[in-house]
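Structural overview for review
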Amino acid sequence: MSKEAPKAFNVGICGLGTVGCGTLALIQGNSDELCRKLGRKLQVTHVATRTPKTDLNTDGMQVSSDIFDVVADPEINVVVETIGGFDPALELVMQALENGKHVVTANKALIAVHGNEIFTRARENNVTVAFESSVAGGIPIIKALREGLAANKINWLAGIINGTGNFILTEMAAKQRQFEDVLAEAQELGYAEADPTFDVEGIDAAHKLTIMASIAFGIPLQFDKTYTEGISHITPEDITYARELGYHIKHLGIAVNSGDAVEMRVHPTLIPSGSTIANIDGVGNAVLVHGDAVGATLYCGPGAGAEATASSVVADIMDIARIDSVGASAAIVPALGFCEPHSDTEVNDIEQISSEYYLRIQVQDKVGVMAKISNVLQNCDISIEAIIQKEAHSQTLPIVLLTHTAPERQINEAIQTLEALEEVVGKIVRIRVAPFADGTL
Ligand code: HSE
C-alpha cells in the first residue's frame, strides 16, 4: 500500500501590498524547492485584500475583502500579516493568536511598539509569532542575533537599517542630487514606507533598532526610549565636507550595552570612509554585531523590496511548518531570545552619551570669529581634532570642525553658546561620529 502524502501546510495572507504579493509569488514560484525542504506542500489557500489585483494567480484560493475572514478560517495554519501599521493589524494579530493560529509579520512598528503584549498572548495560546522580515528585509539578522550568536554576550550592534534612507544618502553623495528628488524615486521603486517620514525621520530605523536591541541585550521592547533623528536636514555640502575629513555619512542605528546601561540611538553618523559599512550603498542594509566570544561580525544584503522581504517572510513560514511537522505547538526559542522576565537595565538618554562630533558653523567673515569659536569650545572643555575653512565667496562662510570625544551635554551647551554669537548665522549642523571608528567597522 502506498503511504499517504503528508498534509499540506496552509497559509493565509492578509494584505496584498508589496510584501504580501512578493510572499505569494515566492511561495508559488519556489513551490517545488519549498516542498523538498519541508517534506510537505506549502500552499496559500486564503488571501484578503481590499484592492483585488487581476495580475495575481489566486487559482484555488479563497479571496476575501475582510482580513478577519482569514483568521477565522479553520483550514489556515499560519496567518501572514502584511498590512502594516497598528490598526487593524494589532487586532488581527491578537485575534489570530486567540484562534490558535501562528502569525508571521513584517510589521516592525507593531512589534517594536506592541511586541511585549503580542508575545505574551502568543505564549498564553501556545503559538508562535515570527518577525524575521521586520528588520533589514532579506537579511536573516533576527535569527543571527537570537540563535546564531546565542552563546555571546552582545556588546554592541550598529546598522544601516533603512534602505530608503541609504538609497537617498547614496544618490545625494554620488550625484549631488537633492533630497526630495531622490525620495520621490525611492517611493516609485517601492522601498519607502506608506508614510515616507517614517524612513527619512528615522522612525522605521528606530522600530528595527528597538527590536534588535531587545534580542541582543535581553531587555523589553522600549521604542519610546530609542533616540530618533532623521536625515532630512543633511545636505550635499555636509556629505562633501565629511568626505574631505575621511568619512561617509550614513543613517545608523546604534545599540550599546555597557553593563550598567544601554544606549539605543538612530541618527546620521560619520563613518570612516575605508570601512565596509561606509560603502554599503543604495537600498542595501548592513548590521555589525559585536559579541564577546565571536568579536565583530557583519551581515549585509537587500533591506527592502518585495522579493527580499518575502525571502524572510517565507523562511518564517517554513520554520513554523517544521514546528507543526514534528507535532510541537510553538517554537522552542523565545521570541526575543531570552526567557522572561527581561533585564531592567536602564536605557540612557541621548544627553548621557559621549561622542566625537562634526559641526558646521556658518559665520560672518569677520576678524576674530575663529578665536571666539575656539574660546567657546575651550570653555566647554571640548577639544578640536580637525578643521576646514574655505575662502569666502559671500558675506558668510562655513567653518567645519571635528571634535575629540566629548559628552553630549557639553556639546549641546557649546552649540547653544555659539548660536548666540552675533557672528554665527543660523543653526549649527551637528553630526555624531560612529563610536566604533577604530577599524572594527
Ligand atoms: N521602508 C523600509 C526601508 C522598508 O526603506 O528600509 C523595509 O523595512
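The structure this text deals with has already been given above.
The structure contained in this document is the topic of the report that follows.

Criteria and thresholds
- Residues numbered from 1 in each chain as written.
- Predicted model: local features only at pLDDT ≥ 70, side-chain atom pairs only at ≥ 80, totals over all residues.
- Heavy atoms only, no water.
- Helix = DSSP H or I, 4+ residues; strand = E, 2+ residues; numbered from the N terminus.
- Rg over C-alpha atoms; globule rule 2.2 N^0.38 Å.
- Buried < 20%, exposed > 50% of the residue type's maximum accessible area, 1.4 Å probe, protein only.
- Contact = heavy atoms within 4.5 Å.
- Areas by Shrake-Rupley, 256 points an atom, 1.4 Å probe, with all protein chains shown as cover.
- Lys, Arg positive; Asp, Glu negative; His and termini not counted.
- Charge placed at Lys NZ, Arg CZ, Asp CG, Glu CD.
- Near = heavy atom within 4 Å.
- Polar contact = N/O pair within 3.5 Å; in protein donor to acceptor, adjacent residues only side chain to side chain.
- 1 Å grid on protein atoms, 1.4 Å probe; cavity = no way out; pocket = protein on both sides within 12 Å on 5 of 7 lines; lining within 4 Å.
- Sits in = over half its atoms within 2 Å of the grid points.
- Core = buried A, V, L, I, M, F, W, Y, C linked by side-chain atoms within 4.5 Å.
- Domains from an automatic or database assignment.

**Observations regarding the overall build of the chain**
- Within the chain, the regular secondary structure consists of 14 helices and 19 strands.
- Computed over its C-alpha atoms, the radius of gyration of the chain comes to 24 Å, within 12% of the 22 Å expected for a compact globule of 441 residues.
- In terms of its C-alpha atoms, the chain occupies a principal-axis envelope of roughly 95 × 45 × 35 Å.
- Per-residue burial for the chain yields a buried fraction of 55% across its 441 residues.
- Considering only residue pairs separated by 6 or more positions, the chain has 73% of its internal contacts joining residues 24 or more positions apart.
- Element-wise, carbon and sulfur atoms account for 49% of the exposed surface of the chain, whose accessible area totals about 18,900 Å².
- For the chain, the centre of its 31 positive side-chain charges and the centre of its 56 negative side-chain charges are spaced 4 Å apart.

**Looking at the site of the ligand**
- If you check the shell around the ligand, you find Lys-108, Asn-162, Gly-163, Thr-164, Tyr-191, Ala-192, Glu-193, Asp-199, Asp-204, Lys-208, Gly-303 and Ala-304 and nothing else.
- The side chain of Lys-108 places a nitrogen or oxygen atom 2.6 Å from an oxygen atom of the ligand.
- One of the side-chain nitrogen or oxygen atoms of Thr-164 is found 2.6 Å away from an oxygen atom of the ligand.
- Burial of the ligand by the protein amounts to 93% of the accessible area it has alone, namely 260 Å².
- Applying the majority rule of atoms within 2 Å of the grid points places the ligand in the largest pocket.

**Points about the nonpolar core**
- In this structure, Leu-97, Ile-141, Ile-211, Met-212 and Val-289 are the most contacted members of the largest nonpolar core, which totals 55 residues.
- When residues of this core are traced back to their parent elements, those giving at least two are α3 (67-72), α4 (89-98), α5 (108-124), α6 (141-148), β7 (154-160), α10 (203-217), β10 (261-272) and β11 (284-291).
- Of the residues forming this core, the biggest block, nine residues, is contributed by α10.
- Residue assignment places this core across two domains, with domain 1 (9-139 + 307-325) and domain 2 (148-302 + 344-350) each supplying three or more.
- Sequence-distant contacts of Ile-211, defined by excluding residues within four places in its chain, comprise Lys-108, Ile-111, Ala-112, Phe-131, Ser-134, Val-135, Ile-142 and Leu-221.

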